[in-house]
Amino acid sequence: MALRGKVALVTGGAQGIGCAVVESLLKNEAKVSIVDLNQEVGEKCKKQLDEQFGVGNCSFIQCDVTDAAKLQEAFQSTVDQFGRLDIVINNAGINNEKNWEKTIEVNLTSVIKGTYLGLEHMSKEHGKQGGVVINVSSMAAFFHSPHQPVYTATKHGVIGFSRAMADASEHGDYGVRINTLCPAFVDTPLLHSVELEENMGKFVKFKDDFKHRMRKFGVLTPSLVAEGMMMMITDSRLNGAVMKITCSKGIHYHTYEPLSA
Ligand SMILES: NC(=O)C1=CN([C@@H]2O[C@H](COP(=O)(O)OP(=O)(O)OC[C@H]3O[C@@H](n4cnc5c(N)ncnc54)[C@H](O)[C@@H]3O)[C@@H](O)[C@H]2O)C=CC1
Ligand SMILES: CCCCCC(=O)/C=C/C=C\C=C\C=C\[C@@H](O)[C@@H](O)CCCC(=O)O
């Protein structure tokens, strides 16, 4: 499955799920722009990927996705450097119930902004060639927990927004597919934040229940999540899809009842 000649932008691409997706994209000969808040981790990630895949195939742009101007610059810099944009993965996310307003800004508002910026650079309504947007939600949108009420709300929002935008894209003939990825627990640094009072606030007292769920439902690898992401990037039939990835059922799709009066 070659993506030779395609250009991808991945937010939160410096570690965790995002880094695994960046690696998969490079393995399939795409050019990739890594957009991440963390300068040190981002530069280390790019150095490693340059050694693995050769210089010139990926770039790192230090950017806080909640800074609208910086995010717009990151998209433009990507197009300036690689000449086009075909794939946008709005992956950056945090888990902070103390600073819950920030969680909404990163996990939902910035996903909306990243989707709209993707349309500016890919949609036929703007004279572009089309493309695909993958927005990262979570199985938390299907299995809520007392531990992370605002995180859960943001992930519900990502699904609702993405499905509505997929319909808008179809009705408006944008030529851009918009799909959602809902992993269960994944072995990344983010998962360990659930034990921290600085992240969870008063909800940290529920951490034992959360850890029980992790033991019950299992913990996925970032590489399996990247595999699911690549499926939604390359399957041109998928628009408005909601992919779930769990230990019990692997990669599968949520099915919705047909709309009826
Ligand atoms: N780890 C898990 O169990 C699950 C994670 N997810 C979602 O997957 C996505 C990726 O999460 P992980 O890889 O687990 O987390 P992670 O913490 O390992 O990686 C997230 C990356 O996003 C970056 N980031 C955070 N805030 C940012 C900002 N304001 N601007 C730019 N970059 C920013 C971080 O620097 C980091 O490199 C998130 O949306 C998360 O909600 C969904 C389900 C389960
Ligand atoms: C800080 C990161 C927190 C991430 C939180 C998160 O993603 C929570 C996930 C919660 C639940 C996962 C449940 C998985 C269940 C499956 O194993 C299966 O039993 C569900 C079957 C139903 C289905 O697949 O629709």
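Whatever comes next refers back to the structure up there.
A quick note: this is a predicted structure, and the numbers were derived from the prediction, not measured.

J.: Help me out: how do you make sense of the site of ligand 1 in this one?
T.: Taken together, 28 residues surround ligand 1, and among them Asp36, Asn91, Tyr151, Val186 and Thr188 come closest. Gln15 has a polar side-chain atom sitting 3.0 Å from an oxygen atom of ligand 1. Residue Val65 places a main-chain N or O atom 3.0 Å away from a nitrogen atom belonging to ligand 1. Notes on ligand 1: free accessible area 830 Å², of which the protein chains cover 94%. At the level of elements, α1 (16-27) and α5 (149-172) are the ones that each hand at least two residues to the shell around ligand 1. Counted by class, the shell around ligand 1 contains 16 nonpolar, 9 polar and 3 charged residues.

J.: I'm lost on the pattern of salt bridges in this one. Help?
T.: A side chain with one charge may pair with a side chain of the opposite charge, provided their charged atoms come close. In this structure the tally under the stated criterion is 10 salt bridges. Its salt-bridge partner being Lys102, residue Asp64 comes within 3.7 Å of it at the nearest N-O pair. Residue Asp64 is found in the loop between β3 (58-62) and α3 (68-82), and its partner Lys102 is found in helix α4 (residues 100-122); the two are separated by 38 residues along the sequence. Among the residues examined, Lys102 registers a relative accessible area of 26% and is labelled partly exposed.

J.: Sorry, what's going on with the sheet that holds strand β2 (residues 31-36) here?
T.: The pairing of strands in a sheet comes from backbone hydrogen bonds and takes either a parallel or an antiparallel form. Taken in spatial order, the 8 strands line up as β3-β2-β1-β4-β5-β6-β7-β8 in an open sheet, and their pairing is mixed. With partners counted over all chains shown, the strands left at the sheet margins are β3 and β8 (250-253), one partner each. If you compare each strand with its neighbour and ignore which way they point, the axes differ by 20° on average. The pairing of strand β7 (residues 242-246) with β8 spans 4 bridges and is classified as antiparallel. Opposite Ile245, over in β8, you have Ile251 as the bridge partner. In the packing of α3 onto the sheet, contacts are made with β1 (7-11), β2, β3 and β4 (87-90), and the angle to β3 comes to roughly 155°. Along the sheet, α4 contacts β4, β5 (131-136) and β6 (176-183); its crossing angle with β4, the most-contacted strand, is approximately 175°.

J.: What's the story with the pairing of β4 in this structure? I'm lost.
T.: For a regular strand, the rule is simple: side chains alternate between the two faces of the sheet. What you see with β4 is no split at all: Ile87 and Ile89 on one side and Val88 and Asn90 on the other are buried throughout. Two strands pair when backbone bridges link them, and β1 and β4 are joined in this way by 3 bridges, in the parallel orientation. By the bridge assignment for β4, Val10 is matched with Ile89. Bridging between β4 and β5 involves 4 bridges; their strand directions are parallel.

J.: Quick question: what am I supposed to make of the packing of α1 against helix α2 (residues 39-53) here?
T.: Packed helices, taken two at a time, are described by the angle between their axes plus the distance between the axes. Contact geometry of α1 with α2 gives a least axis separation of 11 Å together with a crossing angle of 25°. Here α1 is positioned roughly parallel relative to α2, judged by the angle of their axes. Between α1 and α2 lies a crossing whose hand is right-handed. Contacts between α1 and α2 pair Cys19, Val22, Glu23, Leu26 and Lys27 from the former with Cys45, Leu49, Gln52 and Phe53 from the latter. Class assignment of the residues belonging to the contact of α1 with α2 gives a composition of 6 nonpolar, 1 polar and 2 charged.

J.: Please explain the site of ligand 2 as it appears in this structure.
T.: Taken together, the neighbourhood of ligand 2 is formed by 19 residues, with Ser138, Gln148, Lys244, Ser248 and His252 sitting nearest. Contact distances for ligand 2 include 2.4 Å between an oxygen atom and a side-chain N or O atom of Lys244. Contacts to ligand 2 include His252, whose side-chain N or O atom sits 2.8 Å from an oxygen atom. For ligand 2, the protein covers 88% of the area, taking 670 Å² as the surface of the free molecule. A breakdown of the residues in the shell around ligand 2 according to their chemical character gives 10 nonpolar, 7 polar and 2 charged.

Thresholds, definitions, all that
Residues numbered from 1 in each chain as written. Chains lettered and ligands numbered in written order. Predicted model: local features only at pLDDT ≥ 70, side-chain atom pairs only at ≥ 80, totals over all residues. Heavy atoms only, no water. Near = heavy atom within 4 Å. Polar contact = N/O pair within 3.5 Å; in protein donor to acceptor, adjacent residues only side chain to side chain. Areas by Shrake-Rupley, 256 points an atom, 1.4 Å probe, with all protein chains shown as cover. Helix = DSSP H or I, 4+ residues; strand = E, 2+ residues; numbered from the N terminus. Nonpolar A, V, L, I, M, F, W, Y, C, P; charged D, E, K, R; others polar. Salt bridge = Lys/Arg side-chain N within 4 Å of Asp/Glu carboxyl O. Buried < 20%, exposed > 50% of the residue type's maximum accessible area, 1.4 Å probe, protein only. Pairing = 2+ DSSP bridges. Axes fitted to C-alpha atoms, helices over the stretch in contact; angles between N-to-C directions. Contact = heavy atoms within 4.5 Å. Parallel < 35°, antiparallel > 145°, perpendicular 65-115°, else oblique. Left-handed = near helix turned anticlockwise from the far one by under 90°.

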